[in-house]
Protein chains: 2
Amino acid sequence: MGDRSVPHARPNKAEVFARLREAHAREVTEDYVEMIADLIEEEGEARSVALAERFGVTAATVNNTIKRLERDGFVTSRPYRSVFLTDEGRELAAKCRKRHEIVYNFLVALGVDPTTAEFDAEGIEHHVSEETLRMFAGFAGGKRG
Amino acid sequence: MGDRSVPHARPNKAEVFARLREAHAREVTEDYVEMIADLIEEEGEARSVALAERFGVTAATVNNTIKRLERDGFVTSRPYRSVFLTDEGRELAAKCRKRHEIVYNFLVALGVDPTTAEFDAEGIEHHVSEETLRMFAGFAGGKRG
DNA sequence: AAATCAATTTAGCCTTGACTAACTTTAAAA
DNA sequence: TTTTAAAGTTAGTCAAGGCTAAATTGATTT
């Protein structure tokens, strides 16, 4: 147990920032698999030109990122062809989409303007723990039901 | 007005991600000025060994970051001496601390465990707009009063 | 005063995530 | 079928933010 017996003991700062850095490392991956899933749904396939347009980056940047996602097992791709999600990628995309919606709906339920909520949700979603996500879901749900 | 006359028009995705990238670029700066202010308050000065310990990074990393903060006008430093905040740095630190507290108190008011709230607040705070921050502050305040 | 130890700095390396410019491939039009 | 335009790729650059290892400085002991 170490020095953690005090009620509400503050976590070690270094732990907090270590977790923050881990979250950062996952962010781009999560945004990409989510966007790829959206594109496949909306347009039937995910072309890198569409990814570049939606993220507001160049085609070269998309290319680099897709290679990394492939290396990490989230997508498959062949030269000059569109990008596909692996099972793992699809799973992650589904999880991220749910989380995004919960955060967005929570902000709107709280009274935040929907446009602002879109901006904020995109940043916040990657840093919300399971526990906090449950609270968010419960709050928005309670307001509806 | 362009194509923004529809109620609740979704913002362009590229804008959302551009703002996200801007927020990222500010994160480390904000965390450092806040931590430097804390150290000066708690210990009278901000030594890089203390910064390294609290962030959970090496002294070399702290050194790099401090140089960047100095370049950007948030701190001053002299070799082998502790770090000082400029007026701009102090201002930013105060703003960040207030924001951090609002986010943390909001999460706790919502029912999130204080330890989890510490972790989540550190990630969330950098992505909360002024508008959302006001909603957070109002929510926690309303519960108290 | 010298030795030692802790703190700081420097140098060099790595990955991520961005860019531009130039090149190749694919698909569509002439 | 050839040409052209759009899409995708490759190569090279850069800054941020991490690291290790080695050198230096400052402060404390002996």
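The name that an unreviewed UniProt entry assigns to chain A is Transcriptional regulator MntR, with the source organism given as Thalassospira alkalitolerans. Chain A has a UniProt comment under Subcellular location (unreviewed entry) that states "Cytoplasm". Per UniProt, chain A has the following entry under Sequence similarities (unreviewed entry): "Belongs to the DtxR/MntR family."

Caption draft 1: Representation of the interface of chain B and chain A in the model. Listed per partner, the contact involves 45 residues of chain B and 46 residues of chain A. Carbon and sulfur atoms make up 64% of the surface buried where chain B meets chain A, a total of about 4100 Å² over both sides. The largest contributions to the chain B side of the interface with chain A come from Phe-17, Leu-110 and Phe-119 of chain B, which together make up 14% of the buried area. In this structure, the connection of chain B to chain A is made through 1 salt bridge. In this structure, the salt-bridge partner of Arg-10 of chain B is Glu-118 of chain A, at a minimum N-O distance of 3.2 Å. If you look at where chain B meets chain A, you find 17 residue pairs in polar contact (both at pLDDT 80 or more). Those elements giving two or more residues to the side of chain B that touches chain A turn out to be helix 1 (13-43), helix 2 (48-55), helix 4 (87-110), helix 5 (114-124) and helix 6 (130-144) of chain B. Residues that form the side of chain B that touches chain A fall into these classes: 21 nonpolar, 10 polar and 14 charged.

Caption draft 2: Structural detail: the UniProt feature "domain: HTH dtxR-type" (unreviewed entry) in chain A. This chain's UniProt record puts "domain: HTH dtxR-type" (unreviewed entry) on residues 25-86 of chain A. Within residues 25-86 of chain A, the helical portion is 65% and the strand portion 10%, while the C-alpha atoms at the span's ends are 20 Å from each other.

Analysis parameters
- Residues numbered from 1 in each chain as written.
- Chains lettered and ligands numbered in written order.
- Predicted model: local features only at pLDDT ≥ 70, side-chain atom pairs only at ≥ 80, totals over all residues.
- Heavy atoms only, no water.
- UniProt positions renumbered as here; feature names shortened; annotations may be inferred.
- Contact = heavy atoms within 4.5 Å.
- Buried area = accessible area lost by both parts, 1.4 Å probe.
- Salt bridge = Lys/Arg side-chain N within 4 Å of Asp/Glu carboxyl O.
- Polar contact = N/O pair within 3.5 Å; in protein donor to acceptor, adjacent residues only side chain to side chain.
- Helix = DSSP H or I, 4+ residues; strand = E, 2+ residues; numbered from the N terminus.
- Nonpolar A, V, L, I, M, F, W, Y, C, P; charged D, E, K, R; others polar.

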